[in-house]
Amino acid sequence: MNRDLPATDETYMGLALAQARAAMVQGEVPVGAVVVCDGQVVAVGHNCPVGGHDPSAHAEMQALRAAAQALGNYRLPECELYVTLEPCVMCAGAIMHARIKRVVFGASDPKTGACGSVVDLFAEPRLNHHADVVGGVMRDECVGILQTFFSERRAAARARRLAQSSPAAEVAGDTSVPPSETSN
Ligand SMILES: [Zn+2]
């Protein structure tokens, strides 16, 4: 943990990480977000597109929707958004529509990041809203929870493949695997 960072950013990122853990418990990619207004947490959200059958249910979207409901306003110009993973294009767009004044993220996302990793929408002068963006707050913790999730998921997939292809499944009395699937 970088002690040079302002304590408040780490405090709120810690809360976003707690949301990421809530996502992981539900089998979702662990990303969490909180919206802060005048030092008060007004909303939280975690990634849940799989369980929610909702491709837009990223942590930022959940937190932005909850914050707008809580404050009774679709614009959130006094608010800061903390999120454990760099926002994607969709979430960056929603952040702009909400007029969020500051975005703080933890881990960079080289595949879909829209704050500099793939594109930097917040540096695009033709778009009319420019939030301050800070990346890398509690990066190690934010990367770590994602690595844990994906390594556990790979291990589980390996174990499933092994159980299906190994004769040990029959020895163990598992008759649910059809012979055609045990041969490869
Ligand atoms: Zn997103």
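Residues numbered from 1 in each chain as written. Predicted model: local features only at pLDDT ≥ 70, side-chain atom pairs only at ≥ 80, totals over all residues.

**Focus: the UniProt feature "binding site: Zn(2+)" (unreviewed entry) in the chain**
Within the UniProt annotation, "binding site: Zn(2+)" (unreviewed entry) is assigned to His58, Cys88 and Cys91. Look at the named residues: they lie 34 residues apart in sequence, but the longest C-alpha span between them is just 9.1 Å, so in the fold they bunch up. Looking at the element boundaries, Cys88 is found in the loop between β3 (79-85) and α3 (89-98). Judged by C-beta crowding, with 22 C-beta atoms within 10 Å, Cys88 ranks as buried. Discounting chain neighbours no more than four positions away, the residues touching Cys88 are His58, Thr112 and Ala114. By the element assignment, Cys91 lies in helix α3. (UniProt positions renumbered as here; feature names shortened; annotations may be inferred. Helix = DSSP H or I, 4+ residues; strand = E, 2+ residues; numbered from the N terminus. Buried ≥ 20, exposed ≤ 12 C-beta atoms within 10 Å, placed from the backbone. Contact = placed C-beta atoms within 7 Å.)

**Here's the deal with the UniProt feature "active site" (unreviewed entry) in the chain**
When the UniProt feature table is mapped onto this chain, "active site" (unreviewed entry) is found at Glu60. Locating Glu60 in the fold gives a position in helix α2 (residues 59-71). According to the C-beta neighbour criterion, Glu60 is buried, with 29 such atoms within 10 Å. Aside from chain neighbours lying at most four places away, what touches Glu60 is Ala33, Gly45, Leu81, Val83, Pro87, Cys91, Ala94 and Ile95.

**Points about the sheet that holds strand β1 (residues 32-37)**
The five strands are arranged β2-β1-β3-β4-β5 in an open sheet whose pairing can be described as mixed. Looking at the sheet topology across the chains shown, the edges are occupied by β2 (40-46) and β5 (132-134). Strand-to-strand, the axes of this sheet are offset by a mean angle of 15 degrees, without reference to chain direction. Bridging between β3 and strand β4 (residues 102-107) involves five bridges; their strand directions are parallel. Looking at β4, one finds that Val83 is bridged to Phe105. The strands touched by α2 within the sheet are β1, β2 and β3, with β2 carrying the most contacts at an inclination of about 140 degrees. The sheet strands contacting helix α4 (residues 139-165) are β3 and β4, and the helix crosses β4 at an angle near 60 degrees. (Pairing = 2+ DSSP bridges. Axes fitted to C-alpha atoms, helices over the stretch in contact; angles between N-to-C directions.)

**What to know about unusual backbone geometry**
For Asp38, which is not a glycine, the phi torsion comes out positive at approximately 50 degrees. If you trace the backbone, Asp38 turns up in the loop between β1 and β2.

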